[in-house]
Amino acid sequence: IVTIKFLRDVVRYFMNKKRLIENILSLYLLQIVNYILPLITLPYLVRVLGPEKFGLIAFTQAFIQYFNILTDYGFNLSATREIAIHKENKDKVSEILSSVMFIKICLLLLSFVIMSIVVFSFEKFRQDWLIYYLTFGMVVGQVLFPIWFFQGMEKMKYITFLNILAKLVFTVAIFIFIHKASDYIYVPLINSLGSIVVGVLALWMVSKYFDVRFIKPTIQSIKYHLKEGWHIFVSTIAISIYTVSTTFILGIFTNNTVVGYYAAADKIIQAVKGLMSPITQAIYPYINKKVAISKDEGLIFIRKITKFTAIFTLVLSITIFTFSEEIVGLVLGPNYKNSIPVLMILSIHPFLIGLSNIFGIQTMLSFNRKKAFQNILLSASILNIVLSLILVPSFQHIGSAISVTLVEAFVTLAMFLYLQKTGIKILEFKHV
């Protein structure tokens with residue numbers, strides 16, 4: 001009864017938030033497509049490519065993800081906030097857009113140089129050099145696609161349209177070009193081409209449908225946005241050490257087949273975690289505006305979202321744990337039985353990450369607690385490195401799963417305790 005009453009209150013609350021609801025629904029439409037299409041392609045790819053080649057692709061993507069993080073530089077949050085605050089001032093929006101895009105292009109060039117040095121300096125990378133360069137196209141596409149602009153303008157329908165287009169093209173191409181394990185090289189090529197085309201279309205939409213223009217950025221503006229994104233950038237690097245780096249470290253200590261077992265289970269978890277993405281992406285600019293007007297009103301809204309997130313993600317986690325064997329058998333096939341214990345360990349992640357997103361990104365960043373947010377994540381990164389060095393050599397993919405789960409639990413608890421201690425109380429305990 002309490003749950004039904006709470007859900008009814010949430011529905012009534014959102015009914016008065018037309019734009020927020022429109023954005024959430026747009027992103028959920030995207031998420032539905034993100035679920036349906038991988039349900040078709042993931043089982044096909046893991047079976048056709050096998051654990052070894054699937055593991056190679058996963059390892060390559062983990063490596064290239066570092067350059068996605070570098071070129072993002074925290075702008076998906078910092079620039080989103082700036083656009084949301086100044087969205088009515090077209091000149092200011094043009095300045096933000098131009099400065100951020102200039103910085104991202106410079107970071108893209110730096111990323112390409114760094115990647116080339118690494119690939120040709122180590123045999124492990126050099127023997128598969130082509131797949132790294134083909135995968136790097138995804139970084140180019142990400143730089144071109146200003147998702148932070150659309151989020152800040154609260155026009156999620158554009159993101160939805162472009163991403164659905166890319167997913168459809170990718171899905172069709174997989175079945176056309178990939179029929180045997182040796183066709184693995186086409187996977188990054190298809191991903192990169194789709195990403196670049198969508199990025200170009202996104203920039204075209206920005207210039208056509210929004211009254212903004214690209215201008216020559218000033219040194220002062222560039223410095224400002226570098227400073228604004230710095231803490232988030234450092235925090236994102238910290239997050240990557242216990243998320244992206246988990247696959248990367250596993251690949252360094254083991255082989256592509258073992259990486260394939262872990263990556264396949266992690267793909268399932270990433271898909272499930274995506275159920276919360278539409279809400280978290282849509283409410284971030286909304287919460288920032290709310291907190292800027294009234295911190296008390298912003299906190300009230302955050303408390304409502306926290307209750308919904310806790311219930312929803314807990315149900316997801318319990319379901320995954322209970323049916324782990326069936327899920328692996330259905331989605332991945334008989335060659336991935338070693339992924340079952342990994343999925344069981346990772347099953348708690350939707351619950352932990354759902355809450356840590358609310359505590360960290362939605363609350364700590366909105367209340368300008370960037371330094372504390374950064375410190376918690378840096379501590380988590382150090383913890384993950386220590387645990388990985390201890391657990392991965394002995395327990396391989398199981399060790400990676402245990403390590404990253406312990407770190408996620410640490411992050412969630414640390415953020416919650418910090419907020420409670422500093423007076424930003426997500427939960428209010430009534431004294432009897």
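Residues numbered from 1 in each chain as written. Predicted model: local features only at pLDDT ≥ 70, side-chain atom pairs only at ≥ 80, totals over all residues. Heavy atoms only, no water.

Another point: the overall build of the protein. Tallying secondary structure elements over the protein gives 18 helices and 0 strands in all. Counting the 432 residues in the protein, one finds 55% classified as buried. As presented, the protein carries roughly 19,700 Å² of accessible surface, and 68% of it is formed by carbon and sulfur atoms. (Helix = DSSP H or I, 4+ residues; strand = E, 2+ residues; numbered from the N terminus. Buried < 20%, exposed > 50% of the residue type's maximum accessible area, 1.4 Å probe, protein only. Areas by Shrake-Rupley, 256 points an atom, 1.4 Å probe, with all protein chains shown as cover.)

This next bit is on the pattern of salt bridges. Inspection of the entire model under this criterion finds 7 salt bridges. Across the pair Asp 72 and Lys 104 runs a salt bridge whose closest N-O atoms are separated by 3.5 Å. Placement of Asp 72 in helix H2 (residues 18-72) and of Lys 104 in helix H4 (residues 90-119) is noted, with a sequence separation of 32 residues between them. Through salt bridges with shared partners, one network takes in Arg 81, Glu 228 and Lys 370. (Salt bridge = Lys/Arg side-chain N within 4 Å of Asp/Glu carboxyl O.)

Our next topic: the confidence of the model for the protein. Looking at the protein as a whole, its pLDDT mean stands at 84, while 88% of the residues score no less than 70. Of all helices and strands in the protein, the one with the weakest mean pLDDT is helix H1 (residues 2-15) (52), whereas helix H16 (residues 340-346) scores best (96). (pLDDT = per-residue confidence, 0-100.)

Take the packing of helix H14 (residues 295-322) against helix H17 (residues 349-365) next. Viewed as axis vectors pointing N to C, H14 and H17 meet at an angle of 160°, and their least axial separation amounts to 7 Å. Looking at the two axes, H14 sits roughly antiparallel to H17. The element H14 and its partner H17 pack so that their crossing is right-handed. Residue-level contacts link Ile 302, Ile 305, Thr 306, Thr 309, Ala 310, Thr 313, Leu 314, Leu 316, Ser 317 and Ile 320 of H14 to His 349, Pro 350, Phe 351, Gly 354, Leu 355, Ile 358, Phe 359, Gln 362 and Thr 363 of H17. Taken together, the residues of the contact of H14 with H17 break down into 11 nonpolar, 8 polar and no charged. (Axes fitted to C-alpha atoms, helices over the stretch in contact; angles between N-to-C directions. Parallel < 35°, antiparallel > 145°, perpendicular 65-115°, else oblique. Left-handed = near helix turned anticlockwise from the far one by under 90°. Contact = heavy atoms within 4.5 Å. Nonpolar A, V, L, I, M, F, W, Y, C, P; charged D, E, K, R; others polar.)

On to the nonpolar core. Soluble, globular proteins show a tendency: their nonpolar side chains are buried together. Core analysis: the largest hydrophobic core is formed by 57 residues, its most contacted members being Phe 63, Leu 332 and Tyr 336. With 14 residues, the single largest contributor to this core is H2. In contact with Phe 63, not counting residues within four places along its chain, are Met 115, Val 118, Val 119, Phe 125, Tyr 132 and Phe 248. In terms of nonpolar packing, the next biggest core, distinct from the first, is built from 34 residues, Phe 301, Leu 377, Val 411 and Ile 426 among them. (Core = buried A, V, L, I, M, F, W, Y, C linked by side-chain atoms within 4.5 Å.)

Bringing a nonpolar patch on the surface into the picture now. The grouping of Phe 161, Leu 165, Val 169, Val 197, Leu 201, Trp 204 and Tyr 209 at the surface amounts to a nonpolar patch, some 650 Å² of accessible area in total. Residue assignment for the nonpolar patch shows that the elements contributing at least two residues are helix H8 (156-177) and helix H9 (186-209). With 4 residues, the top contributor of residues to the nonpolar patch is H9. Following the sequence through the fold, Phe 161 ends up in helix H8. (Patch = residues over 30% accessible without salt bridge, like charges linked within 9 Å, V, L, I, M, F, W, Y side chains within 5 Å.)

Right, let's get into helix H12 (residues 256-273). In this model, H12 (18 residues) spans 25 Å end to end at C-alpha, consistent with the 26 Å of a helix rising 1.5 Å per residue. Burial analysis of H12 places 13 of its 18 residues in the buried class, the great majority of the element. The residue sitting at the N-terminus of H12 and contributing the capping side-chain oxygen is Asn 255; that oxygen lies 3.0 Å from the backbone nitrogen of Thr 257. (Expected span 1.5 Å × (residues − 1). Polar contact = N/O pair within 3.5 Å; in protein donor to acceptor, adjacent residues only side chain to side chain.)

What follows concerns unusual backbone geometry. For residues besides glycine, phi is generally negative; the peptide bonds are generally trans as well. The backbone of Tyr 73 sits at a positive phi, close to 50°, despite the residue not being glycine. Non-glycine residue Asn 368 carries a positive phi angle of around 60°. With respect to the helices and strands, Asn 368 occurs in the loop between H17 and helix H18 (370-421). For Asn 368, a relative accessible area of 55% puts it in the exposed group.

Position of Val 169 among the secondary structure elements: in helix H8. With 21 residues separating them along the chain, Val 169 and Ile 190 place their C-alpha atoms 8.6 Å apart.

We now examine the environment of Leu 201. With respect to the secondary-structure elements, Leu 201 resides in helix H9. Along the primary structure Leu 201 and Leu 144 are separated by 57 residues, whereas in three dimensions their C-alpha atoms are 9.0 Å apart. When neighbours within four sequence positions are excluded, Leu 201 is seen to be in contact with Leu 162 and Leu 165.

For any two aromatic rings, the description comes down to two numbers: the centre-to-centre distance and the angle of the planes. For the structure on display, the rule yields 30 aromatic pairs. A ring pair is formed by Tyr 261 and Tyr 336, whose centres lie 6.3 Å apart and whose planes are at 85°; its orientation type is edge-to-face. With a gap of 75 residues between them, Tyr 261 in helix H12 and Tyr 336 in the loop between helix H15 (324-331) and H16 connect regions that are remote in the sequence. Taking relative accessible area as the criterion, Tyr 261 reaches 14% and is therefore assigned buried. With a relative accessible area of 0%, Tyr 336 lands in the buried category. (Phe/Tyr/Trp six-rings, centres within 6.5 Å; stacked < 30°, edge-to-face > 60°.)

Let us look at the environment of Leu 107. Residue placement: Leu 107 occurs in helix H4. Filtering out sequence-adjacent residues up to four positions away, Leu 107 remains in contact with Leu 70, Thr 71 and Tyr 73.

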